[in-house]
Structure formats: C-alpha cells, structure tokens
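Tertiary structure, described
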Amino acid sequence: MRTDHPESRIVPEQPTAVLRATLHRDEVRGWFRTAFDVVAEYLRRHGIPPGGFPFARYHVRADGLFEVEAGFPVAVRISGDRQILPSCLPGGHVVVAWHVGTYEQLGDAYRALDDWLATEHGARAGDAWEVYHDPPNRAQRWRTEVIQPFRLN
C-alpha cells in the first residue's frame, strides 16, 4: 500500500452523471460497481462518452448513514431520468492524494490530506471525492485519487 504526498491544484467545475443512494457503511463499496454500470449504460444509450474515470462522493450524516453519489464526469450537463441525475464536482482549490492499495486502506489517503491541511492552515470546504483509475478486479493495487476541496484559514 502506498499513499503519496498530497499536492494542491485548482480544478474547473465538472458536470457529472450520477446515481445517488443513502447507504449504511457496509453497503457502500458493493454499491459502487452497480452504480458505475447503471450510469455507464445510461451514457451509452444516450451516446454520451464518459469524460474521465468513475468517481464517488459521499457525505456521512449525523445518523451514521452515507449520502452517496457515484458516476462519471461528462463534457456537458445531462438531462437525466428517474434514476440517473445531473450533478457536478466543484471547481476551485483542492488537495489531492494518490492511494495505491485496497479500498479498506483508503483511510490513509484521507489522513494524509488532513495532515496536509493542518500543516498548510487549511480547512475542508465540502465533501471529498474518490476517482478510481483501475477496474475492480485489480483491487489489491487499485489506484485511487482522493480529492478534497479546501480553503486557507
């Protein structure tokens, strides 16, 4: 397992096509594959190419449940349907950590981001998202980018 040193970037706002759900912690990982397949099928049916790798973004609620959205970036905002929704990833200042390893070890990347924010006197500015650069069958060496919007204090 490896988590690289975080780096800051400025990113543009990115339209996305997503599936959303409210899940328990133990349901999140298994749900991703289904979500990516469903969104990819929607894009295929509408002749819309994905604009990058699959991603997931989630927020932990006070009751411990996760509000999750997963899908793909797209070049233009989609209309969506009853299941697939238009969304976007925010633009602005972000700090990014690369993680190579299993999904269960991904917390190391989040700790690296928190350490970077503490050192740089920054604070989270919204929910992070994860970009998956490898298919699930490479789970032991999965390359994941963890992207956290931030502001300086």
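Residues numbered from 1 in each chain as written. Predicted model: local features only at pLDDT ≥ 70, side-chain atom pairs only at ≥ 80, totals over all residues. Heavy atoms only, no water.

**Notes on the side chain of H133**
When you line up the elements, H133 lands in the loop between β9 (129–132) and β10 (143–152). Judged by relative accessible area, H133 falls into the buried class, the value being 14%. There is a polar contact of 2.8 Å between the side chain of H133 and the side chain of E145. Once residues lying within four places of it in the same chain are set aside, the contact partners of H133 are F53, W98, R143 and E145. (Helix = DSSP H or I, 4+ residues; strand = E, 2+ residues; numbered from the N terminus. Buried < 20%, exposed > 50% of the residue type's maximum accessible area, 1.4 Å probe, protein only. Polar contact = N/O pair within 3.5 Å; in protein donor to acceptor, adjacent residues only side chain to side chain. Contact = heavy atoms within 4.5 Å.)

**Digging into unusual backbone geometry**
The phi angle at H121 is positive, at roughly 60°, despite the residue not being glycine. Mapping H121 onto the fold places it in the loop between α2 (107–119) and β8 (122–124).

**With respect to the environment of T34**
Relative to the elements of secondary structure, T34 occurs in helix α1 (residues 25–45). Separated by 32 residues in sequence, T34 and F66 have C-alpha atoms that sit 16 Å apart.

**Quick notes on the pattern of salt bridges**
One pass over the structure, following the stated rule, counts 11 salt bridges. Its salt-bridge partner being D134, residue R143 comes within 2.9 Å of it at the nearest N-O pair. Residue class for R143 comes out partly exposed when judged on its relative accessible area of 34%. Overlapping salt bridges bring together E7, R9 and E145 as one network. (Salt bridge = Lys/Arg side-chain N within 4 Å of Asp/Glu carboxyl O.)

**Notes on the packing of aromatic side chains**
Taken as a whole, this structure holds nine aromatic pairs when the rule is applied. Residues F32 and F36 carry aromatic rings whose centres are separated by 6.0 Å and whose planes lie at 25° to one another, so their mutual orientation is stacked. With F32 and F36 both in helix α1 and four residues apart, the pair spans about one turn of that helix. Each member of the pair, F32 as well as F36, carries the same accessibility label: buried. Judged by its relative accessible area of 12%, F36 is buried. (Phe/Tyr/Trp six-rings, centres within 6.5 Å; stacked < 30°, edge-to-face > 60°.)

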